Amino acid sequence: MKRTDYIGWDEYFMGIAMFSAQRSKDNNTQVGACIVNDEHKIVAVGYNGMPIGCDDDDMPWEREGDTLLDTKYPYVCHAELNAILNRNSANLKGCTLYVTLFPCNECAKAIIQSGIKKVVYKSNKYADSESTKASAMLLGKCGVECAEYKPSSKKIVLDL
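The structure displayed is predicted, hence computed values, not measured ones.

Draft legend 1. Inspection of a nonpolar patch on the surface at higher detail. A contiguous nonpolar surface patch, about 410 Å² in accessible area, is contributed by Ile7, Trp9, Tyr12, Ile42 and Val45. Going through the elements one at a time, helix H1 (9-21) and strand S2 (42-47) are the ones with two or more residues in the nonpolar patch. Positionally, Tyr12 belongs in helix H1. Classification of Tyr12 as partly exposed rests on a relative accessible area of 37%.

Draft legend 2. Molecular detail of the environment of Ile52. Here Ile52 is to be found in the loop between S2 and helix H2 (79-85). The spatial distance from the C-alpha of Ile52 to the C-alpha of Cys77 is 9.7 Å, given a sequence separation of 25 residues.

Draft legend 3. Main features of the side chain of Thr71. Inspection of the secondary structure assignment puts Thr71 in the loop between S2 and H2. Looking at Thr71, its side chain comes within polar contact range of the main-chain oxygen of Leu68, at 2.7 Å. One polar contact links the side chain of Thr71 to the main-chain amide nitrogen of Tyr73, over a distance of 3.4 Å. With residues up to four places along the chain from it excluded, the contact list for Thr71 reads Pro60, Glu62, Arg63, Glu64 and Gly65.

Cut-off values and rules
- Residues numbered from 1 in each chain as written.
- Predicted model: local features only at pLDDT ≥ 70, side-chain atom pairs only at ≥ 80, totals over all residues.
- Heavy atoms only, no water.
- Patch = residues over 30% accessible without salt bridge, like charges linked within 9 Å, V, L, I, M, F, W, Y side chains within 5 Å.
- Areas by Shrake-Rupley, 256 points an atom, 1.4 Å probe, with all protein chains shown as cover.
- Salt bridge = Lys/Arg side-chain N within 4 Å of Asp/Glu carboxyl O.
- Helix = DSSP H or I, 4+ residues; strand = E, 2+ residues; numbered from the N terminus.
- Buried < 20%, exposed > 50% of the residue type's maximum accessible area, 1.4 Å probe, protein only.
- Polar contact = N/O pair within 3.5 Å; in protein donor to acceptor, adjacent residues only side chain to side chain.
- Contact = heavy atoms within 4.5 Å.

Right under this line is the structure:
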């Protein structure tokens, strides 16, 4: 008889996104993303971090500073964008993006342009921000389905 307590696809792919988020060096928010095609194959992963070639130790990680240039915001690449840019498939059309935080409006544009058709998100803690409201409006108008991740009742334990 086969096991019946195995995890489902949503748990698996959100787990990959959550694990990827642990690579982030951001001291406030760690975000991970996993893009999956319709055959349940992972075609990309990403996390929020500095662009390739930027020494993480030389870049600001603060949320506030004297100017915008003294903060992380103009420099950090979001997990969704990193996953889209790092894909191992030429085409993301029809794929599903699993992400630990609802995408901002800039990432929403990249999601739409890449052809991703579904976003499964774990948290929407910035739901009241204008960026998130704009993102939700863009994704909705362009036919990208958004769904909050609902974990199953099965307890997932990782022994690393």
